[in-house]
Amino acid sequence: MKNIIVLGSGCTKCVKTAELIAEVVKEHGVAATVSKETNPEVIMGYGVMSTPAVVIDEQVVHSGSMPQKAQIEAWLAK
Amino acid sequence: MFAIFTALADWLVYGVLSLAPQSRLGEALHFFVEDTSKIFVLLLLMIYVIALLRASLNVEKVRDYLAGKNRLTGYLLGSAFGAVTPFCSCSSIPAFLGFTSAGIPIGITMAFLITSPLINEVAVLLLVGLLGWQFTLIYVVVGMLVGVVSGAFLDAIHAERWLQSFAAKALQRGQQQQVSCCGTPQTLPQLSWQARHDFAAAETKEIVGRVWKWVFIGVGLGAALHGFVPEGWVADHLGQGQWWSVPLAVLIGVPLYSNVTGIVPVMESLLQNGLPVGTTLAFCMATVAASFPEFVLLKQVMQWRLLASVFGILLLAFTLIGWLFNLIGPML
């Protein structure tokens, strides 16, 4: 079970990122939860400076842009 | 170099649509066609080229570079990085906190954040294309100056007192760590040309996708001003740079929020209509830099007092700039 968190202050790109990830998760039938985190204090805790950022099981795997679908698939395959 | 766009607009508006050059509609449409075609060609070409060059620059590197710099250099560099770093205003909160928790003084961080919306490569490009390099130079110098001076002032009044408490604590922690700070300096990976091309192509798509509507809105407004505000009206009523016209321009500009890409064509049109350069600068900078949505976001890391100070400083700065350039503008 993967725990996926999308960090972002509520901009459209962050919302879209979360939607895209949820879509890929569903498509591949991966066991994972997808949630969004908008609290700046928590985002700071991950040391992320540009959003949207993606955290999987407490590891920051991506920041600063909307990830490509292929990237998401690669993270989920791990 | 830009004559081809004038020729295109001549051909389309006066030729194909056979509108008279003196008619209002003809004049407005000509402005619209010429500017949109010019802007889009410039945008596509130049964003790609610039993105190729700056492919290895990001906010994290800027932070590492700024950490531990002395104050004066810090303000200048913060402001300069604000101008060249690709940066979306939706990232301003995490970037602010990233800088702060690295122990960078709030004035330097604000120099970065204030300059960032005012100057970027797209704005510079449009300014050169539409208004010439002299005006561009003035705009860039003034924009950076606003960042530097505001930053220095915020530090002088110890603005960090008015951060939200978690941000203030992060700043303190960062400053204590700074002595032993930063561990291994990041080694920059050498980017291959393929990687640079991929980045630049993605960046071009991203930026053009984000700003194209601003171009149409901006040029549309500019064209409307151009064709439909009676010739001489602006010059007659505001052309002397009447002192009250500058604060008024700032106050009108603040609630109007625009991306800098959209404001440049409006600037062009205002200047051509005879609005003095200082009033124009004040109006446009107020529109671009002081936006309510962004200020509301910053509330998450700043107390109202700090927010109000930053806002006040910006309004004051734009008003002073307006007065100054109205004074020296005729001599330029």
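- The name given to chain A in an unreviewed UniProt entry is Small redox-active disulfide protein 2, with the source organism recorded as Shewanella fodinae.

## So, the overall build of chain A
At step 1: Of the regular secondary structure elements, chain A holds three helices and four strands.
At step 2: Starting at the N terminus, the α and β elements of chain A follow one another as β-α-β-α-β-β-α.
At step 3: By its C-alpha atoms, chain A is 30 × 25 × 15 Å across when sized along the principal axes.
At step 4: Taking all 78 residues of chain A together, the buried fraction comes to 42%.
At step 5: By sequence separation, contacts in chain A at least 24 residues apart represent 63% of the contacts at least 6 residues apart.

## Looking at the packing of helix H4 (residues 71-84) of chain B against helix H8 (residues 133-156) of chain B
When two helices pack together, you describe them by how their axes are tilted relative to each other and by the distance separating the axes.
All names here are of chain B.
At step 1: Put simply, H4 and H8 touch, their axes get as near as 9 Å, and they point 135° apart. Considering the angle they form, H4 stands oblique to H8. Where H4 crosses over H8, the two elements pack in a sense that is right-handed. In this structure, H4 uses Arg71, Tyr75, Leu76, Ser79 and Ala80 to contact H8, whose residues at the interface are Met144, Val148, Gly151, Ala152 and Asp155.
At step 2: For the contact of H4 with H8, the class distribution of residues is six nonpolar, two polar and two charged.

## Looking at the interface of chain A and chain B
At step 1: With 13 residues of chain A at the interface, the matching set in chain B holds 17 residues.
At step 2: Both sides of the chain A and chain B interface together cover about 1,300 Å² of buried area, and 65% of this is carbon and sulfur.
At step 3: If you sort the residues of chain A by the area they bury against chain B, Pro40(A), Met44(A) and Met49(A) come out on top, with a joint share of 53%.
At step 4: Where chain A meets chain B, there are zero salt bridges.
At step 5: Counting across the chain A and chain B interface gives one residue pair in polar contact (both at pLDDT 80 or more).
At step 6: Element by element, the count of residues in the side of chain A that touches chain B is highest for helix H2 (residues 40-45) of chain A, at four residues.
At step 7: Among the residues forming the side of chain A that touches chain B, the class breakdown is six nonpolar, five polar and two charged.

## Quick notes on H8(B)
At step 1: For H8(B), which comprises 24 residues, the first-to-last C-alpha distance of 34 Å matches the rise-based estimate of 34 Å (1.5 Å per residue) to within 8%.
At step 2: Positive phi appears at His158(B), one or two residues downstream of H8(B), with a value of about 55°.

## Concerning the sheet that holds strand S4 (residues 59-63) of chain A
Residue and element names in this part refer to chain A.
At step 1: Strand order in the open sheet made by the four strands is S2-S1-S3-S4, with mixed pairing throughout. Here the strands that pair on one side only, and so sit at the sheet edges, are strand S2 (32-37) and S4. Strand-to-strand twist of the sheet, defined as the mean angle between neighbouring strand axes without regard to direction, takes the value 20°.
At step 2: Pairing of strand S1 (residues 2-7) with strand S3 (residues 53-56), which is carried by four bridges, proceeds in the antiparallel orientation. Looking at S3, one finds that Val6 is bridged to Val54.
At step 3: Running at roughly 175° to S2, helix H1 (residues 12-28) makes contact with S1, S2 and S3 of the sheet.

## Quick word on the layout of surface pockets
All names here are of chain B.
At step 1: What the second largest pocket holds in volume is close to 580 Å³.
At step 2: Along its surface, the second largest pocket is lined by 25 residues, and Ile252, Leu256, Val266, Leu270 and Phe283 are the ones closest to its centre.
At step 3: Broken down by secondary-structure element, the contributors of at least two residues to the lining of the second largest pocket are helix H10 (193-228), helix H11 (233-238), helix H12 (245-253), helix H13 (260-272) and helix H14 (277-289).
At step 4: Element by element, the count of residues in the lining of the second largest pocket is highest for H10, at five residues.
At step 5: Of the residues that constitute the lining of the second largest pocket, the class distribution is 18 nonpolar, seven polar and no charged.

## What about the UniProt feature "active site" (unreviewed entry) in chain A?
All names here are of chain A.
At step 1: Within the UniProt annotation, "active site" (unreviewed entry) is assigned to Cys11 and Cys14.
At step 2: In this structure, Cys14 sits in helix H1.
At step 3: Of the residues examined, Cys14 reaches a relative accessible area of 0% and is grouped as buried.
At step 4: In this structure Cys14 touches Val6, Leu7, Gly8, Ser9, Lys36, Thr51 and Pro52, once residues within four positions along its chain are discounted.

## Focus on a nonpolar patch on the surface
Residues and elements named next belong to chain B.
At step 1: On the surface, Trp243, Trp244, Leu248, Ile252, Leu256, Leu316, Leu320 and Trp323 cluster together into a nonpolar patch covering about 850 Å² of accessible area.
At step 2: The set of elements that each furnish at least two residues to the nonpolar patch consists of H12 and helix H16 (304-328).
At step 3: For the nonpolar patch, the element with the highest residue contribution is H16, accounting for three residues.
At step 4: Take Ile252: it is sitting in helix H12.

Rules and cut-offs
- Residues numbered from 1 in each chain as written.
- Chains lettered and ligands numbered in written order.
- Predicted model: local features only at pLDDT ≥ 70, side-chain atom pairs only at ≥ 80, totals over all residues.
- Heavy atoms only, no water.
- Helix = DSSP H or I, 4+ residues; strand = E, 2+ residues; numbered from the N terminus.
- Buried < 20%, exposed > 50% of the residue type's maximum accessible area, 1.4 Å probe, protein only.
- Contact = heavy atoms within 4.5 Å.
- Axes fitted to C-alpha atoms, helices over the stretch in contact; angles between N-to-C directions.
- Parallel < 35°, antiparallel > 145°, perpendicular 65-115°, else oblique.
- Left-handed = near helix turned anticlockwise from the far one by under 90°.
- Nonpolar A, V, L, I, M, F, W, Y, C, P; charged D, E, K, R; others polar.
- Buried area = accessible area lost by both parts, 1.4 Å probe.
- Salt bridge = Lys/Arg side-chain N within 4 Å of Asp/Glu carboxyl O.
- Polar contact = N/O pair within 3.5 Å; in protein donor to acceptor, adjacent residues only side chain to side chain.
- Expected span 1.5 Å × (residues − 1).
- Pairing = 2+ DSSP bridges.
- 1 Å grid on protein atoms, 1.4 Å probe; cavity = no way out; pocket = protein on both sides within 12 Å on 5 of 7 lines; lining within 4 Å.
- Points joined across faces, edges and corners; volume = space filled by probe spheres on them.
- UniProt positions renumbered as here; feature names shortened; annotations may be inferred.
- Patch = residues over 30% accessible without salt bridge, like charges linked within 9 Å, V, L, I, M, F, W, Y side chains within 5 Å.
- Areas by Shrake-Rupley, 256 points an atom, 1.4 Å probe, with all protein chains shown as cover.

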